[in-house]
Every structure is written in structure tokens, then in C-alpha cells.
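Now for the letters of each chain:
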Amino acid sequence: MRILLIEDDHVLGEAVRDQLLADSHSTDWVQRLDHAGEALKVGAFELVLLDLMLPDGQGVPFLRALRARGDVTPVIILTALDQVSDRIAGLNAGADDYMVKPFDLSELSARIGSVARRYAGNPNPLVEVGALQIDLAARTIRSDGRPVLLTAREWALFEAFVQAPGRVFSKSQLEEHLYSFDANIESNTIEVHVSRLRKKLGRAVIETERGLGYRLASA
Amino acid sequence: MRRPRSLQLRLALTVGLAVSVMWLGSVAYTTQKLRVELDGVYDSALRDSARRLLRLVGAGPERRPPQSGKNDGARVVAETADVDRFAFVILGSEGDVILQSEGADPAQFPAFERRGFGQTEEHALFFDSAPRGEERLTIVVAEPLSRREAQTREIAIRLSLPLLLVIPPSLVVIFLVVGRSLAPMRQLRRDLEARSSRNLAPLGDRDLPSELTPIVGSIDGLLARLAAAFEAERSFAANAAHELRTPVAGAIAQAQRLQVETGDPKAASRAQEIETTLKRLNGLSEKLLQMARAEGAQLRTGTETDLRPILEMIVGDFERLDVEGRLHLTLAEAPILSDLDPDAFGILLRNLIENALKHGTTGAPIRIGLVEPAVLTVSSAGPVIPQADLDRLTARFARAGGARAGTGLGLAIVRTIAERADAVLELRSPAPGRAEGIEVRVALPARNRAG
């Protein structure tokens, strides 16, 4: 999943970014709201982590403006403001979740997963595709009961497919999911990863729509 | 006598009293004046009567002979209308009674000295004399003073009567007019009463009499300063929270990353220790911030909110942590409206649940209730706490170091919020309906159900 992290504190931002990367999310980290605005214009993010007190402004008005533009990207607020009224203001502005600093990184991972699943329309983290049992929360896959291990990049791609069954992803859309792993994505990176996924999970799992891209097999 | 507190009553009484005194004074003056005038009138009537009587008996300048005998004269006298007020006696030169009024006793009349007016204690007198033939007749006419006094009294009463009728209604009118003039003041008072003590909005421009404008101005200035102070406190708390929490959050997150990333178990366990210490530090700074808020912030907002969603939100926070479904919730069906600051309610509830988790029997359920009108209860299992210890816990400055170390700050925060928000905090052990445990009950400021 491609995530935009807006956090001005360097120490915290770094740890959160590393956690997200370890969870196989591709992550863009900005430290200012104006940079965040630019990033959102350019990139297609599936989730935004938003700090509320930033050097160039407050997160709540930023979020309100984002929602006013019709942007429905899920947003989780990460903030030091722990009061009930702050939280209500954040949620009313259109946040999907609200985490008070300091938080456990594992808790953050869990909340990101839960918000993403809610947006995918299926809050249940357990998904079955053919012979595969996928636990999106635990990030485990079993094929006929036998565990399958995916690399972070492979997981990042596969998760995108699982969360939008039936959707056809273009090559460039898939590249977005890998964006933060490699600054320079080779022209055949997607093909390479798709072929590795097919090898591990079965040939029929990912279908090729010629000229359009790839999608998860419907059954 | 204590002066009445009401300005309206005070003004009406003073003005009414002054007006009444002036009116009554003018009546008294008029009566006095009239009395002098009347005395003149009475006196000349007395004199005229004397002369007429003398003429009746044939004395006087006209020298009219008596038309008939004594008795006829007496009859005529008796029939003369204006004469029956008087007593008189007409004496001849030898002191013989020529004519006297009915029932008059010549001995009681003072002797004639000279013509003119005289007075005894009870009568106004007029002496006169006139020749009749060879004789010189003298007359003494007496008019009872009581008559005059009665007349004067009657005049005074007649003058006063309309006043007595007019004064009460005019007092009422004065009272009403004063009341009307004070209407803007009463309106101001009503507005001040109606607004809750937490409403810091200015009173504003309200077309008041010039006497009241500076007062309203001062109140508005005071309200503005108060609101600014609360706002400063609030933004300080927010900034302090941000400044304290963000670096701690960064350090904790780094420590957590380190535990995951390092392959060295010793380093991982050190990182774990750092994380634990940082969390303890964070917990402490959080408590201090909460205490500062409890002591300094405005705890009643003046606008009512439903406390149930806040309770659900906070219980949700705890449920996300590892509490194994220990929290059992009893919520009222209808909204629980209170103007307690939602943040203060959050802090209060969080501390009560933390205490229950920390001090209650491990794994035992914690019952949280929020019921009409606005009563929050948090009860947990555990040994019965003696009354003396409960008292110590609720006493104002009993902090950590009591019988159960650690309860101090959390409960002190709860207590401070309760006191400052006019909530009633009670600790009961054993919990009502149970043999053990403790129940903390907070009767929060509820909406006035009458209003």
C-alpha cells in the first residue's frame, strides 16, 4: 500500500517510515503541509498519516480542505493532542482514525491494516482466493494450509490485488506500490515480481489483461 | 430598620414618601390659611349677629321700636337662622336681662367692658352696646370655639380626603414608573442570571441607560480577560503536550524499531528497557499535564454535550489495549447531557478506568455505568478497603503514599475535576450490591431537567 506520512519530527518520522517499509508499504515522508499538498497532487496514495501540529500549519484544516476537494483517501491522524475535543475535531474533519503519541508501532500497523480493509469494503482481515488463505492483518498466506513466504515487495504488490479484487492494475499503478522501495524502478520490475508471485502462489492467481495490466483471478 | 434591597422599592418608597409629605404639608398650610380667613368670617358673623340682635330689641342707630313684646323678640331671635349658633344675653343699664338665647345663663357671660372681640377658653365673644331710649343696652354674643374647630376639622378632612384617595394610587404609579425605568437593568440581570456561569461571551451593545453602560463595559472586559486566560491555558496545555510527547514518541518508536531490527538479544532487551522507562516517563508527564488542566482549565463549558459517545470512545481506547474484555458498560438509553468539558470528562474517566485496571483484581470485570441524570460509576473487584482509607483517598491532599500506593495522582486529578466542576465524588467499598470491591461514583453536573 502506498502511504503518505506527514510528520515533522525527524526521530519519530524515521521510525514510523521504517515500520511502514518493514510492513511492505511504500512510504513517502514529508515534513511540511505544503510538501504534503504537492505529494498528494502528484502521487496516488492509499493512506495518509497526518500529524496535527506542523511547522507550516495545523493538520485539521488541511484535512478539512482535503475532504472538501472530494479526496476520500483514508487518513489516520498521529498527534500529541490527546484531548477528547481534539480527537472529535480530527474525526469530524474527516479522519478515519486518531492515534495519540506516543503509540506502539505495532498498534499503528494494525490500525493501518484495519482502515485499509474498511476502505476495501471488507473489514475482515481473512480473505480466501482460490486455494489461498490470506490474513491481511497478520500478513500471512497459506496455500492449502502450507505457509507461503513473500518478500516485502511481493507482499506490497499482492496486497494491492487482494484489497481490490477484480480491479485491473496498470503497470504504473503497481509501480506506485513499489515506489519507496526503489528510487529507480526498472522497466521490467513489475513483470519480475508478478512472475515470482505466480511461482509462489500458483500460475492462475494473477491474470494478465493484455494491454491493460494485471488483476486478481476471480476465483 | 434595614433599607430594602430592591432599588425599585427603595426609589418608590423615597419618592412616594417625599411626595406624600409635601402634599400633606400643603394641605396643612392651606387648612391653616383657611382657618385664619374663616376666623375673620366667623368674627364678622358674630359682630353682625350682635348688631342684628340689638336692633331686634329696638336698640341701635335706626331706633326701630320693638314690634311686640319680649317674648315675640325672643321668638324672632330663635327663628333667625344664623343666630341659633350663638348664645347671647342682652342686658339693660341696670343689668336686667332684656333678651337671652335659649338656655343661656347670664351669670356665665363675662361682664361687658368695652365693645369689641373677646375670648374665653371655650368661646369667641363679641361685646357691643347701643342706646334704646334712655337706656344703654349691652350685648354679649358667644360662639363656642368647638364649632369653629369642628368646621376647621371638616375642611381639613375634606381637603385631605381626596389626597388620601390619591396617594395610594400615586404610590403605585411611582412604583410602576420606577420599575419601568429600571426595566433595562432587570433585563440585564435576567440575562446575566440566564447565562450559565461558564458562558464567557460578551454581553455586547444593548442600548442601555448611560448609568449602566460602564458596568456592562467592565463586565465585558472582565469576561474577555477570563476567556483569554482560559484560552492561554488551553493552548499552553496543547503546546506542552506536543512539546513533551513528540520527542518521547520518537524515542519510543526508535526503541521499538531497534528491538525488531537488532539481531542481538541483549541490545533488544536494552531497547525494551528504554521503551518501558520512556513510557513511564510519558505516563508521568501525562498525569502532570492532566493535573494542570484539572486545576487551571475551564471545566464547565456552558454548552451541553452527550457524554455517552465520549465514554464509548475512551472505553474503546482501553479495549484496543489488552484488557481481555474486562470492561462492562451500562449506558443510559437517552443522551446524558452535561456541560462538563468533554476533555475533563475524558481525563476523569480515563483515570478511573486506569485505577480500576491497576488496582482491581487481575482479570476481574470492571463495570462502568453512565446513567440519568449524569452519574458515572466505575466499580472493580478487589479486597474491601476500610472506611478510614477511603476517607484518606477522598481527602483533598491525600496523594500517593496512602494505604495503596499509586492511587494518588490519578484520584487527585479526579478529585480536582470533581470539585471544580461541582460534581460529587464518592468512594464505596464494598461496591454496592457486592461483598467486595470498590465503586467510585461521580455525580456529574447534569442538565437542569426543569429547563
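Residues numbered from 1 in each chain as written. Chains lettered and ligands numbered in written order. Predicted model: local features only at pLDDT ≥ 70, side-chain atom pairs only at ≥ 80, totals over all residues.

Q: Requested: an account of the overall build of chain B, with residues and values cited.
A: The number of helices and strands found in chain B is 10 helices and 12 strands. Counting all 451 residues of chain B, 27% fall into the buried class. Restricting to contacts in chain B with at least 6 residues of sequence separation, those with at least 24 account for 64%. (Helix = DSSP H or I, 4+ residues; strand = E, 2+ residues; numbered from the N terminus. Buried ≥ 20, exposed ≤ 12 C-beta atoms within 10 Å, placed from the backbone. Contact = placed C-beta atoms within 7 Å.)

Q: I'd like a description of unusual backbone geometry, backed by residues and values.
A: Trans is the common state for peptide bonds, and a negative phi is the common state for residues other than glycine. Cis geometry marks the peptide bond from Lys101(A) to Pro102(A); its omega dihedral reads -5°. At the junction of Glu372(B) and Pro373(B), the peptide bond is cis and its omega measures out at -10° in the coordinates. On the secondary structure map, Pro373(B) appears in the loop between strand S9 (366-371) and strand S10 (375-380). Not every positive phi belongs to a glycine, and Asp144(A) is a case in point at roughly 55°. Relative to the elements of secondary structure, Asp144(A) occurs in the loop between strand S10 (140-143) and strand S11 (146-148). With a phi angle near 60°, Asp422(B) is a residue other than glycine that sits in the positive phi range. Positionally, Asp422(B) belongs in the loop between helix H10 (407-420) and strand S11 (424-428). In this structure Asp422(B) comes out as partly exposed when scored by C-beta crowding, with 13 C-beta atoms within 10 Å.

Q: Explain the interface of chain A and chain B residue by residue, including any values.
A: Taken together, the contact pairs 20 residues of chain A with 23 residues of chain B. At the level of secondary structure, the elements contributing two or more residues to the side of chain A that touches chain B comprise helix H1 (10-22) and helix H4 (84-92) of chain A. With seven residues, the single largest contributor to the side of chain A that touches chain B is H1(A). Classifying every residue of the side of chain A that touches chain B gives 12 nonpolar, three polar and five charged. (Nonpolar A, V, L, I, M, F, W, Y, C, P; charged D, E, K, R; others polar.)

Q: Lay out the nonpolar core with the relevant residues and their values.
A: Counting residues in hydrophobic clusters, the biggest one holds 71 residues, and the most contacted among them are Ile6(A), Leu49(A), Ile76(A) and Ile77(A). Setting aside its immediate chain neighbours within four residues, Ile76(A) contacts Leu47(A), Leu49(A), Ala95(A), Asp96(A), Asp97(A), Met99(A), Arg111(A), Ile112(A) and Val115(A). Residues Ile310(B), Leu348(B), Ala374(B) and Val442(B) belong to the second largest nonpolar core, which totals 40 residues. (Core = buried A, V, L, I, M, F, W, Y, C linked by C-beta atoms within 7 Å.)

Q: Summarise the sheet that holds strand S5 (residues 135-144) of chain B; cite the residues concerned and give the values.
A: Residues and elements named next belong to chain B. One open sheet holds the five strands; their spatial order is S2-S1-S5-S4-S3, and the pairing between them is antiparallel. The open sheet has two edge strands, strand S2 (97-100) and strand S3 (116-119), and neither has a second partner. On average, each strand axis in the sheet is tilted by 20° relative to the strand beside it, whichever way the strands run. Pairing geometry for strand S4 (residues 123-132) and S5, over 10 bridges, is antiparallel. Considered in S5, the bridge of Ser-129 is made with Thr-138. (Pairing = 2+ DSSP bridges. Axes fitted to C-alpha atoms, helices over the stretch in contact; angles between N-to-C directions.)

Q: Which residues make up helix H6 (residues 265-296) of chain B, and what are the values?
A: Compared with an ideal rise of 1.5 Å per residue, which puts 32 residues at 46 Å, H6(B) spans 46 Å between its outermost C-alpha atoms and is within 8% of the ideal. Taken together, the buried positions of H6(B) are Ala271(B), Glu275(B), Leu278(B), Leu289(B), Gln290(B), Arg293(B) and Ala294(B). (Expected span 1.5 Å × (residues − 1).)

Q: An account of the sheet that holds strand S9 (residues 132-135) of chain A is needed here, citing residue identities and associated values.
A: Residues and elements named next belong to chain A. Strands sit in the order S8-S9-S10-S11 across an open sheet of four strands; the sheet is antiparallel. Bordering the open sheet on either side are strand S8 (126-129) and S11, each of which pairs with just one other strand. Strand-to-strand twist in this sheet, taken as the mean axis angle between neighbours without regard to direction, amounts to 25°. As paired elements, S8 and S9 share four bridges and run antiparallel to each other. Note that in S9 the partner of Leu-126 across the bridge is Asp-135.

Q: Give a detailed account of the confidence of the model for chain A, specifying residues and quantitative values.
A: On average, chain A scores 87 in pLDDT, and the residues at 70 or more come to 97%. Here helix H7 (residues 171-178) of chain A is the element of chain A with the lowest mean pLDDT, 81, and strand S3 (residues 47-51) of chain A is the one with the highest, 95. (pLDDT = per-residue confidence, 0-100.)

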